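Observations on the three-dimensional arrangement
So the chains spell out like this:
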Amino acid sequence: MVDDTELLRGAGLRVTAPRLAALRAIESSPHTTADDLVSALAAELPTTSHQAVYGVLNALTGAGLVRRIEPAGSPARYERRTGDNHHHIVCTMCGAIGDVDCAVGHAPCLTPSETHGFAVTTAEVTYWGICAQCAAAERDDTAEAAASAVAPSATAVAPSAS
């Protein structure tokens with residue numbers, strides 16, 4: 001496996017501490033936002049600005065070392081899994097994102113009914129749903145609500161025997 005230093009050089013990029021740190025952080029936390037990346041780099045490189053992080057992300061994305069995805073209603077996210085035309089699934093409750101391998105064959109893995117003369121190279125699919133954790137929490141909340149609706153109140157007053 002090629003290390004990040006060689007990866008940067010092979011892409012024609014200078015090897016810098018912010019680029020190396022960003023690659024490590026994105027590897028350990030796929031689908032990270034730029035703001036999350038700024039926070040992740042703060043401990044290692046406390047003087048790294050938001051502008052510098054955006055510059056690093058732009059360079060890494062431009063070189064094809066990082067992929068930028070933009071799920072609707074979410075800030076841009078960055079991941080190191082590139083070049084395989086995979087898709088994503090997004091939780092509509094918490095925003096968690098997972099990778100989904102191409103549904104049919106290789107890129108673009110979907111065939112449009114009309115290409116309008118385009119040579120289709122990629123298809124981006126975003127699946128939306130509720131992740132297992134949110135579904136479990138929702139079931140727990142529903143069960144809790146049902147139990148409290150059936151259970152007698154501890155503050156109920158017994159009728160007086162007057």
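Before reading on, note that the structure itself is shown above.
Below, the structure is looked at part by part. (Residues numbered from 1 in each chain as written. Predicted model: local features only at pLDDT ≥ 70, side-chain atom pairs only at ≥ 80, totals over all residues. Heavy atoms only, no water.)

Quick look at the overall build of the protein chain now. Per the secondary structure count, the protein chain includes five helices and five strands. In the protein chain, the succession of helices and strands from N to C terminus is α-α-α-α-β-β-β-β-β-α. For the protein chain, with 162 residues in total, the buried portion stands at 30%. Long-range pairs, those at least 24 residues apart, make up 44% of the contacts in the protein chain with a sequence separation of at least 6. Accessible surface computed for the protein chain: about 10,500 Å², of which carbon and sulfur atoms make up 55%. (Helix = DSSP H or I, 4+ residues; strand = E, 2+ residues; numbered from the N terminus. Buried < 20%, exposed > 50% of the residue type's maximum accessible area, 1.4 Å probe, protein only. Contact = heavy atoms within 4.5 Å. Areas by Shrake-Rupley, 256 points an atom, 1.4 Å probe, with all protein chains shown as cover.)

A separate point is the nonpolar core. Ranked by internal contacts, the top residues of the largest apolar core, which has 22 residues, are Leu-8, Leu-37, Leu-57 and Leu-60. Breaking this core down by element, the ones donating at least two residues are helix H2 (17–28), helix H3 (34–42) and helix H4 (50–62). Broken down by element, this core gets its largest block of residues, six residues, from H2. (Core = buried A, V, L, I, M, F, W, Y, C linked by side-chain atoms within 4.5 Å.)

The next thing to look at is the sheet that holds strand E4 (residues 97–100). Judged by pairing direction, the sheet is mixed, and its three strands sit side by side in the order E4-E3-E5 without closing on themselves. Every interior strand has two partners, whereas the edge strands, E4 and strand E5 (126–129), have only one. Going across the sheet, the axis of each strand differs from the next one's by a mean of 25 degrees, ignoring polarity. As paired elements, strand E3 (residues 87–91) and E4 share four bridges and run antiparallel to each other. Within the sheet, the bridge partner assigned to His-88 lies in E4 and is Asp-99. (Pairing = 2+ DSSP bridges. Axes fitted to C-alpha atoms, helices over the stretch in contact; angles between N-to-C directions.)

In this section: the pattern of salt bridges. Counted by the stated rule, this structure contains nine salt bridges. A salt bridge links Arg-80 to Asp-4; the nearest nitrogen and oxygen atoms lie 2.8 Å apart. Of this pair, Arg-80 sits in the loop between strand E2 (77–79) and E3 while Asp-4 sits in helix H1 (residues 4–10); the two residues are 76 residues apart in sequence, bridging distant segments of the chain. In terms of burial, Arg-80 and Asp-4 fall into one category: buried. The closest approach of N and O atoms between Arg-68 and Glu-70, which form a salt bridge, is 3.0 Å. Exposure remark for Glu-70: the relative accessible area of 55% places this residue in the exposed category. When salt bridges that share partners are traced, they join Arg-81, Asp-84, Asp-99 and Asp-101 into one network. (Salt bridge = Lys/Arg side-chain N within 4 Å of Asp/Glu carboxyl O.)

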